[in-house]
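Tertiary structure, described
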Amino acid sequence: IVQIPFSGHSMDPIFKKTSSVWVDFSKDLKVDVGDVLLFRDLTNEWICHRLIWIDKDGYWLKGDANTQAELIKDLQPWGRVSSIQRGERRIALRN
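Quick caveat: nothing in here was measured; it's all calculated off a predicted structure. (Residues numbered from 1 in each chain as written. Predicted model: local features only at pLDDT ≥ 70, side-chain atom pairs only at ≥ 80, totals over all residues. Heavy atoms only, no water.)

1. Topic: the overall build of the protein
Selection rule: Per the convention used, a helix needs a DSSP run of H or I reaching at least four residues, while a strand needs a run of E reaching at least two, with both numbered from the N terminus. Only C-alpha atoms enter the radius of gyration, while the globule expectation follows 2.2 Å times N to the 0.38, with N the number of residues. Using a 1.4 Å probe on the protein chains alone, a residue whose accessible area is under 20% of its type maximum counts as buried, one over 50% counts as exposed, and one in between counts as partly exposed. Residues are treated as being in contact if the distance between any of their heavy atoms lies within 4.5 Å.
The secondary structure content of the protein amounts to zero helices and eight strands. Moving toward the C terminus, one meets the helices and strands of the protein in the order β-β-β-β-β-β-β-β. Over its C-alpha trace the protein gives a radius of gyration of 13 Å, about what one expects of a compact globule, namely 12 Å for 95 residues. Its C-alpha atoms put the protein at 40 × 30 × 25 Å along the principal axes. Burial status across the protein gives 36% buried among its 95 residues. A separation threshold of at least 6 residues defines the contact pool for the protein, and within that pool the share at least 24 residues apart is 44%.

Right, dumping it as structure tokens:
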């Protein structure tokens, strides 16, 4: 698990600009709808969005503050956000 600084507004209000995220990059990581994932987009930028649907076309993800979802056919390399760090406070996202 790696701590990574967070920037941007797509995951407002859960992530703040001063937050960092703890990301699990385990090789055999299982993901579920509702998980917050870190992945690279087509321009090779790191994106942190919530998985909202999985279908035959791929993975549908959306920032909590965004109005539209995006289809990602291949989430490699990717990781699941396990917690958010705000100052001294660490907030778990899932058990």
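Now, onward.
2. Focus on the environment of W22
Note the following rule: In protein, a polar contact means a hydrogen-donor-capable atom and an acceptor-capable atom, both N or O and within 3.5 Å, with residues adjacent in sequence counting only if both atoms are side-chain atoms; elsewhere, any N or O pair within 3.5 Å suffices.
Here W22 shows up in strand β2 (residues 20-24). Distance from W22 to D74, taken between C-alpha atoms, is 22 Å for residues 52 residues apart in sequence. Here W22 is in contact with I1, V2, Q3, R80, V81, S82, S83, Q85 and R90, once residues within four sequence places are set aside. A distance of 3.0 Å separates the side chain of W22 from the side chain of Q85, its partner in a polar contact.

3. Some words on a nonpolar patch on the surface
Stated formally: Residues forming no salt bridge and having over 30% relative accessible area are the ones grouped into patches, like charges within 9 Å of each other and nonpolar side chains (Val, Leu, Ile, Met, Phe, Trp, Tyr) within 5 Å. To be clear on the numbers: accessible area is Shrake-Rupley with a 1.4 Å probe, and residue cover counts the displayed protein chains and nothing else. Salt bridges are counted wherever a side-chain nitrogen of Lys or Arg sits within 4 Å of a carboxyl oxygen of Asp or Glu.
A cluster of nonpolar side chains, contributed by V2, F25 and W46, occupies part of the molecular surface with about 260 Å² of accessible area. The residue W46 is located in strand β4 (residues 46-55) in this model.

4. Quick look at the pattern of salt bridges
Counted by the stated rule, this structure contains three salt bridges. For R50, the salt bridge goes to D64, with nearest N and O atoms at 2.8 Å. Residue R50 is located in strand β4, and its partner D64 is located in the loop between β5 (58-62) and β6 (70-72); the two are separated by 14 residues in the primary sequence. Residue classification places R50 among the partly exposed residues on the basis of a relative accessible area of 22%. Judged by its relative accessible area of 29%, D64 falls in the partly exposed class. Between D57 and K56 there is a salt bridge; the shortest N-O distance is 3.5 Å. Given the relative accessible area of 34%, D57 is considered partly exposed. On the basis of relative accessible area, K56 is assigned to the exposed category, the value being 79%.

As far as function goes, none of this settles anything; it's purely spatial.
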